[in-house]
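# Residue-level structure breakdown
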Amino acid sequence: MSRLTNAALMAAYRRGFEIRKHPAVRRHNMLTAHGIDLVIDVGAAVGGYGTQLRLFGYTGRIVSFEPMAEPYAELARVIAGDPAWSARQSALGAEAGEALINVASNSDSSSLLPMNSTHTDAEPSVGIVGQQPVRVERLDDVIEEIASPENRIFLKVDAQGFEREVLAGAAKTLERCRGLQL
């Protein structure tokens, strides 16, 4: 690092700012180093994770899973112009079928599990405002529809506490994954 760069960083630090590389840079470098050509985004919400992947240079395929109607509609709008990004309106779990998702006031905290007190203690303004029926699929049951045997897969799961169930329905798929983010 040059002396000028160091001086600028220290001046910002003394004023309460920290300047560093965005964490997505490291993730992008890892995806590139491992030749990842398919990212499976479980719990996609409105597409923030995939959008960030694109902003930092990932050009491979993305398949997003989002079970709730309103976030899925926004996700569909976000990906409309990207032929390498598709989405499925379903949750992933250990068993295929239908379930009721607990819809939270901030949407991002919605879950197939009940909201526990540690969540509401940390953020009292967030609570369950309703329920919505959603389709649940097992990733192992749909992987052949979304991936070829040659794909180098990275799996990201953000399922508000339901990660264990998502992974239980993805045992065969996990063997094919080059990386996993929970």
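Residues numbered from 1 in each chain as written. Predicted model: local features only at pLDDT ≥ 70, side-chain atom pairs only at ≥ 80, totals over all residues. Heavy atoms only, no water.

### Observations regarding the packing of helix 2 (residues 23-33) against helix 3 (residues 48-55)
Helix 3 packs onto helix 2 with a crossing angle of 75 degrees between their chain directions and a minimal axis gap of 10 Å. Here helix 2 lies roughly perpendicular to helix 3, going by the angle between them. From helix 2, Ala 24, Arg 27 and Leu 31 reach across to helix 3, where they touch Tyr 49, Gln 52 and Leu 53. The class makeup of the residues in the contact of helix 2 with helix 3 is four nonpolar, one polar and one charged. (Axes fitted to C-alpha atoms, helices over the stretch in contact; angles between N-to-C directions. Helix = DSSP H or I, 4+ residues; strand = E, 2+ residues; numbered from the N terminus. Parallel < 35°, antiparallel > 145°, perpendicular 65-115°, else oblique. Contact = heavy atoms within 4.5 Å. Nonpolar A, V, L, I, M, F, W, Y, C, P; charged D, E, K, R; others polar.)

### Considering unusual backbone geometry
Located in the positive-phi region is Ala 45, a residue other than glycine, with phi close to 55 degrees. Among the structural elements, Ala 45 can be located in the loop between strand 1 (38-42) and helix 3. Positive phi, close to 45 degrees, is recorded for Gln 160, a residue that is not glycine. With a relative accessible area of 31%, Gln 160 lands in the partly exposed category. (Buried < 20%, exposed > 50% of the residue type's maximum accessible area, 1.4 Å probe, protein only.)

### Comments concerning the pattern of salt bridges
Oppositely charged side chains may form a pair once their charged atoms are brought near each other. Considering all chains together, one arrives at nine salt bridges under this definition. A salt bridge links Lys 156 to Asp 41; its shortest N-O distance comes to 2.5 Å. One end of the pair, Lys 156, is in strand 7 (residues 153-157); the other, Asp 41, is in strand 1, and 115 residues separate them in sequence. A relative accessible area of 0% places Asp 41 in the buried class. Shared partners join several salt bridges into a network, and the residues in it are Arg 88, Arg 135, Glu 137 and Glu 145. (Salt bridge = Lys/Arg side-chain N within 4 Å of Asp/Glu carboxyl O.)

### Brief notes about the sheet that holds strand 8 (residues 177-181)
Through backbone hydrogen bonds, the strands of a sheet pair up, either in parallel or in antiparallel fashion. Judged by pairing direction, the sheet is parallel, and its five strands sit side by side in the order 3-2-1-7-8 without closing on themselves. The sheet is open, and its two edges are formed by strand 3 (85-88) and strand 8, each paired on a single side. Across the sheet, the axes of successive neighbouring strands diverge by a mean angle of 15 degrees, strand direction being ignored. Across five bridges, strand 1 lies against strand 7 in parallel orientation. Residue pairing across strands places Val 42 opposite Val 157, the latter belonging to strand 7. (Pairing = 2+ DSSP bridges.)

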